[in-house]
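Next come the chains, spelled out residue by residue.
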Amino acid sequence: MDTYAHEWERHELLGESTLAELAESVIFREQASIQPSHDDLTCVAGGPYDGTKQGRTIQMRMTTWAGLILVLGTTMGCTPAPDASPSPAQKESEPAPAASPTTDAPNTILAPAPATPPSSAKTTVIPPGLDVQTAVQEALILAEPGSIVQLEEGTYEFQLGLSLDIDGVIVRGRGIDKTVLNFQGQEAGSEGLFVTSKNVVLEDFAVVDTKGNGIKTQGSENIVIRRVRAEWTGGPKETNGAYGIYPVSSVNVLVEDCVAIGGSDSGIYVGQSKNVIVRNCRVEFNVAGIEIENCHGADVYGCTATNNTGGILVFDLPDLPQQKGHDIRLLDNAVFANNTPNFAPTGNIVATVPTGTGVMVMANSNVEIFNNEIRGHETANMLIVSYQSTLLEIKDPDYYPYAEAIHIHHNTFGVCGNKPGGERGGLIAAIAGSPLPDIVWDGIVNEARLVDGKLPPESRIYIRDNKDTEGEVTFVSIGGAAILPNPAEAVVTRDLSEHVGELPAIEPVAIPGAAQ
Amino acid sequence: MNTFRDTLWAGIAGMCFCALCHAAGPAGKAGFEAPPPEWLSAYDLFADLARQIPSDGVMPYDLSALLFSDYAVKHRFVWMPPGTSATYQDYDVFEFPVGTILVKTFAFPRDARRPEEGEQLVETRLLVRTKATWKMYPYVWNEQGTDARLALAGARVPVRWVHTDGAVRSMQFNVPNVNQCKHCHIGGGAPLPAGPKARYLNMDYAYPAGAENQLVYWIRTGRLTGLADPATAPKAPDWDDPNSGTLDERARTYLDINCAHCHSPGGLAYTSGLDLRFDQTTPMRYGVLKSPVAAGRGASIGQYDIVPGDPDKSILLYRLTTTDPGVRMPTVGRSLEHDEGVELIREWIADMAAPKQTN
């Protein structure tokens, strides 16, 4: 007790004797821990690593502080987590379309398999409670290849971003709505969880209300993110972090059965990666539901994208280490009613996405879009554009800004185009009239590649065998209006006959160990 | 009370470092290949740990550049095994021999206007050159300032000081965890020190025997090879001294030391394509009219990293200014605004010629 009296004095001397600060001091300097007891009503001292004699000594010394700690525990997140009830968005969701033969194979585990399982492989179990910050971060640092960091049911409160840099680690919770990593009180770290190692599996937990991105993996290989939810719980807001689930510069990326809600850029964003599968995910109330950016080889299937500004985006941007996005397949997705007003911070590329966009392809080559259901978008069900139509200057000589070899077939479209959104939607409507058709192409082509006024056959846009529940599949090319000095002079065409034909099917992405 | 506190620290060790609890680490500087000892004192780097007086053979040094760390004062030392030396490089960090320990202690003066009043030691970071790689270990000082304990998961330490303007400041100092150490200390994909470069070392240091240029001293004492004539070594301007270089040179120097460890090829932030190294000569590459990538809310104030002549529309300046954890830069090591640095960058951007109209 003497020492704690001393603590009080010290803080009073410093003029910092507020309860919260003292608590913080106690918590972080003395490593005292509190967690809910079994009846979920009272708090007891005792932390994740209370198995040592020393730890018990502290607990006993701390008992006289029980009263204060009870109060602190209650105010600092020690109260039992409310039942993880589905968000309103979740309840309103429509089910994903029936899984196609492509998607109903069992999801085998992409194990973080080292060549030989290390004998020292261990499981570290960390229950929720106070000072999970230190306990979880330490487990992530002290893990070895083959280790499992097991998080339990409940809410974990973090003040700092977490990071993992050990290969072959599994971070596992008890369920997408049962184990919640809450970053509402985050004071530092631009992510909730940042992974820079290989052969990592993240599964069965949620990361909510981070100040920056939810989960980022960078420079990783064989990364699996499964049954993970990244959410900003206050609904779509510009002050939300940018990306929910954010693998970048990685190889062999599998994101499956995940949920992303509220990202002020993208719910699931895979950037500058190779061999990517995003499947059976649900994305809602993000600016972009799913964005595949500057990727080489990506499959997006079985996903539901609704209530975003734009459902699924396939972009390529200049000035980046990996460019020329190509070989992207979007199939068997339900993309509908993505009409949430664009809430992206102004300088982000997705701020240019018109509210009410289903699928948008920009500056990629070899994109196959098939068997999707795409409907109910205020601007258009599908936008195909070159980077020039952003009107941003291109300074990168290596960048290829055109959308080429786009193959759109066997999709089912529905009503759209009744209320074109944003500056770009307005421009398109001014040229093409309203309502806008299912598929809008900006009509910008690489003139240097034209032969007799046409692109080589392997580089054209093909649209075939689609249907529209409202009647005919509709289409417009606005003839490069975006970059003409006088847009009114653009040659607008609604003629699909220019786009008859097909391209060879793109090979599915194969990730070692992942079911096709 | 000390007894109790010792018990307490032991308890902390038991709770936090159970898997790496080495009761007594391999004592002395020679144990560099072993797991890190629990206490800083075990390295035998200091004759007087609390007063930061180095042992024989441990050489103090300083850099002309400031890597801003929430106004912490830094004490730097280097130890190289006897008979070894660092190898000079013009631009990059010197090549240090296996066994080198770079030591950086972070402290807060009780009163920044009166250094003689002493300081609160907060953290000592070690970069240890093993055969395979640089290892990084953060040690957090105990409250008495008598020793520092390994804190692999980092820590938050309350600090309080009287600032240069006489105002009392207080904050939670974030000691980075070992992963975060790597975020900054990386070069070409491998861990690397950031500071000991010729251009930052090329200045006088007040050695006990008198002031002497550090490069000259290192060469004279056998700690540096590969530089025939110190007069030919590059010298960075002092970002804070207008007499030492042009505004552009000083601003680029500030960005180099504070940002380029991530914002350079191989660095952690190179996914955005931004390159803030001093020797990057293409303005777009260091941010001029460069569109942000994955900047999130950092891009809420404009379209470009740097808009010449318009600091308030420049994302780069905004991210140096804000303390919002989801937006601020650097993401590690700063939670306060660096007023003087921000002022320099503001002046630099304001002074740039506005872009020519292209039509």
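Refer to the structure printed above.
Residues take numbers from 1 onward in each chain, read along the sequence in its written order. The order in which chains are written sets their letters, starting at A; the order in which ligands are written sets their numbers, starting at 1. Local features in this predicted model are restricted to residues of pLDDT 70 or higher, and side-chain atom pairs are both shown and tallied only at a pLDDT of 80 or more, whereas totals for entire chains, interfaces and linings draw on every residue. For the side-chain quantities, the full set of heavy atoms in the structure was used; hydrogens and water were omitted.

S.K.: Whenever I open this one, the overall build of chain B confuses me. Can you help?
M.R.: A count of helical and extended segments in chain B gives 7 helices and 16 strands. The classification of residues rests on relative accessible area computed with a 1.4 Å probe and restricted to protein chains. Under 20% of the type maximum is buried, over 50% is exposed, and intermediate values are partly exposed. The buried share among the 359 residues of chain B stands at 60%. Considering only contacts in chain B between residues 6 or more positions apart, those separated by 24 or more positions represent 53%. Here the accessible surface of atoms and residues is derived via Shrake-Rupley with a 1.4 Å probe, and residues count as covered only by protein chains that are part of the display. Accessible surface for chain B amounts to roughly 14,100 Å². Of this, 52% is attributable to carbon and sulfur atoms. In DSSP terms, a helix is any run of H or I states spanning at least four residues, a strand is any run of E spanning at least two, and both are numbered starting from the N terminus. In this analysis, two residues are considered to be in contact whenever any of their non-hydrogen atoms come within 4.5 Å of each other.

S.K.: Whenever I open this one, the pairing of strand β3 (residues 58-61) of chain B confuses me. Can you help?
M.R.: Within a regular beta strand, the side chains point alternately toward one face of the sheet and then the other, so they alternate between its two faces. Residues and elements named next belong to chain B. Side chains Val-58 and Pro-60 of β3 all project onto a buried face; the interleaved residues Met-59 and Tyr-61 project onto the opposite face, where all are buried too. Only strands that DSSP links by at least two bridges are regarded as paired with each other. Where β3 and strand β4 (residues 73-79) come together, 4 bridges link them in antiparallel fashion. Bridge assignment links Tyr-61 to a residue of β4, and that residue is Arg-76.

S.K.: Before we go on, may I ask you to explain the packing of aromatic side chains in this structure?
M.R.: Both the distance between ring centres and the angle between the ring planes are used here to describe each pair of aromatic rings. Residues and elements named next belong to chain B. Geometry of aromatic contacts follows a simple scheme: Phe, Tyr and Trp rings, the Trp one being its six-membered ring, pair when their centres are within 6.5 Å, and the pair is stacked under 30 degrees between planes, edge-to-face over 60, tilted otherwise. The final tally for this structure, using the stated rule, is 23 aromatic pairs over all chains. Here the aromatic rings of Phe-46 and Phe-77 are separated by 5.1 Å at their centres, their planes lie at 90 degrees, and the arrangement is edge-to-face. With a gap of 31 residues between them, Phe-46 in strand β1 (residues 46-48) and Phe-77 in strand β4 connect regions that are remote in the sequence. The exposure classification of Phe-46 matches that of Phe-77, with both residues buried. An angle of 15 degrees between the planes, with centres 3.6 Å apart, marks the rings of Tyr-207 and Tyr-217 as stacked. Residue Tyr-207 is found in strand β14 (residues 204-207), and its partner Tyr-217 is found in helix α4 (residues 214-220); the two are separated by 10 residues along the sequence. We classify Tyr-217 as buried; its relative accessible area is 18%. As a reminder, the over-ring test applies to NZ of lysine and CZ of arginine, requiring each to be within 6 Å of the ring centre and within 35 degrees of the ring normal. Here Arg-199 stacks its cationic end above the ring of Phe-278, 4.2 Å away from the centre of that ring. Between Arg-252 and the ring centre of Tyr-286, over which it is positioned, the NZ or CZ distance is 3.8 Å.

S.K.: I'm lost on the sheet that holds strand β25 (residues 357-362) of chain A in this one. Help?
M.R.: Residues and elements named next belong to chain A. Pairing within the open sheet is parallel, and its 11 strands lie in the order β6-β9-β11-β13-β16-β19-β22-β25-β28-β31-β34. Of all the strands in the sheet, the pair left with one neighbour each is β6 (160-164) and β34 (475-477). Taking the axes of each pair of neighbouring strands and ignoring which way they run, one obtains an average angle of 15 degrees across the sheet. Inspection of the sheet shows strand β13 (residues 243-248) paired to strand β16 (residues 266-271) by 3 bridges, in the parallel sense. Counted as the bridge partner of Ile-245 is Ile-268 from β16. The convention used is that axes are lines fitted to C-alpha atoms, helices contributing only their stretch in contact, and that angles between N-to-C directions extend from 0 to 180 degrees. Across the face of the sheet, helix α6 (residues 132-142) comes into contact with β6 and β9 (188-195) while running at roughly 20 degrees to β6.

S.K.: So what exactly am I meant to see when it comes to the packing of helix α5 (residues 247-259) of chain B against helix α7 (residues 339-351) of chain B here?
M.R.: The geometry of a pair of packed helices is captured by two quantities: the angle between their axes and the separation between those axes. Residue and element names in this part refer to chain B. Their axes nearest at 9 Å, the elements α5 and α7 cross at an angle of 130 degrees. With respect to α7, the axis of α5 lies oblique. The interaxial crossing formed by α5 with α7 has left-handed handedness. Together, Leu-247, Asp-248, Arg-250, Ala-251, Arg-252, Tyr-254 and Leu-255 of α5 and Gly-341, Leu-344, Ile-345, Glu-347, Trp-348 and Asp-351 of α7 make up the contact between the two elements. Residues of the contact of α5 with α7, tallied by class, amount to 7 nonpolar, 1 polar and 5 charged. Our angle categories are set so that under 35 degrees counts as roughly parallel, over 145 as roughly antiparallel, 65 to 115 as roughly perpendicular, and the remainder as oblique. Left-handed describes a crossing whose near helix is turned anticlockwise from the far helix through less than a right angle; right-handed describes the clockwise counterpart. Ten residue types, Ala, Val, Leu, Ile, Met, Phe, Trp, Tyr, Cys and Pro, are classed as nonpolar, four, Asp, Glu, Lys and Arg, as charged, and the remainder, Gly among them, as polar.

S.K.: Help me understand the pattern of salt bridges in this model?
M.R.: Side-chain pairs of opposite charge can arise whenever the charged atoms involved come near each other. All names here are of chain A. Counted as salt bridges are all cases of a side-chain nitrogen of Lys or Arg within 4 Å of a carboxyl oxygen of Asp or Glu. Under the defined criterion, the tally for this structure stands at 32 salt bridges over all chains. Across the salt bridge formed by Lys-216 and Glu-191, the nearest N and O atoms sit 4.0 Å from each other. Placement of Lys-216 in strand β11 (residues 213-218) and of Glu-191 in strand β9 is noted, with a sequence separation of 25 residues between them.

S.K.: Hey, could you run me through the side chain of Thr-322 of chain B in this one?
M.R.: All names here are of chain B. Tracing the sequence through the fold places Thr-322 in the loop between α6 (315-321) and α7. Engagement of the side chain of Thr-322 in a polar contact is seen with the backbone nitrogen of Asp-324, the distance being 3.0 Å. Other than its neighbours up to four places away in sequence, Thr-322 contacts Val-327, Arg-328 and Arg-334. Within 3.5 Å is the distance limit for a polar contact, defined as a pair of N or O atoms, with the added protein rule that one can donate a hydrogen and the other accept it, and that residues adjacent in sequence qualify only through two side-chain atoms.

S.K.: What should I look at first to understand α5 of chain B in this one?
M.R.: Every α-helix carries 3.6 residues per turn, so stepping three or four residues along brings you back to the same face. Residue and element names in this part refer to chain B. To estimate the expected span of a helix, count its residues, drop one, and scale the result by 1.5 Å. Spanning 13 residues, α5 covers 18 Å between terminal C-alpha atoms, matching the ideal 18 Å at 1.5 Å per step. Within α5, 11 of the 13 residues are buried, leaving the element largely enclosed by the surrounding structure. For α5, the full list of buried residues reads Leu-247, Arg-250, Ala-251, Arg-252, Thr-253, Tyr-254, Leu-255, Asp-256, Ile-257, Asn-258 and Cys-259. Its buried side turned inward, α5 meets α3 (198-201), α6 and α7.

S.K.: Just to check I follow, could you spell out the nonpolar core for this structure?
M.R.: Nonpolar side chains tend to gather and get buried jointly when the protein is soluble and globular. Residues and elements named next belong to chain A. Nonpolar cores are built from buried Ala, Val, Leu, Ile, Met, Phe, Trp, Tyr and Cys residues. Side-chain atoms within 4.5 Å join them into one set. In this structure, Ile-268, Val-278 and Ile-384 are the most contacted members of the largest nonpolar core, which totals 70 residues. Sorting elements by how many residues they give to this core places α6 first, with 5 residues. All domain edges in this entry derive from an automatic or database-based domain assignment. Two domains each put at least three residues into this core: domain 2 (119-211) and domain 3 (247-516). Those residues in contact with Ile-384 that sit more than four places away from it in its chain are Val-361, Ala-403, Ile-406, Ile-408, Ile-439, Val-440, Trp-441, Asp-442 and Ile-461.

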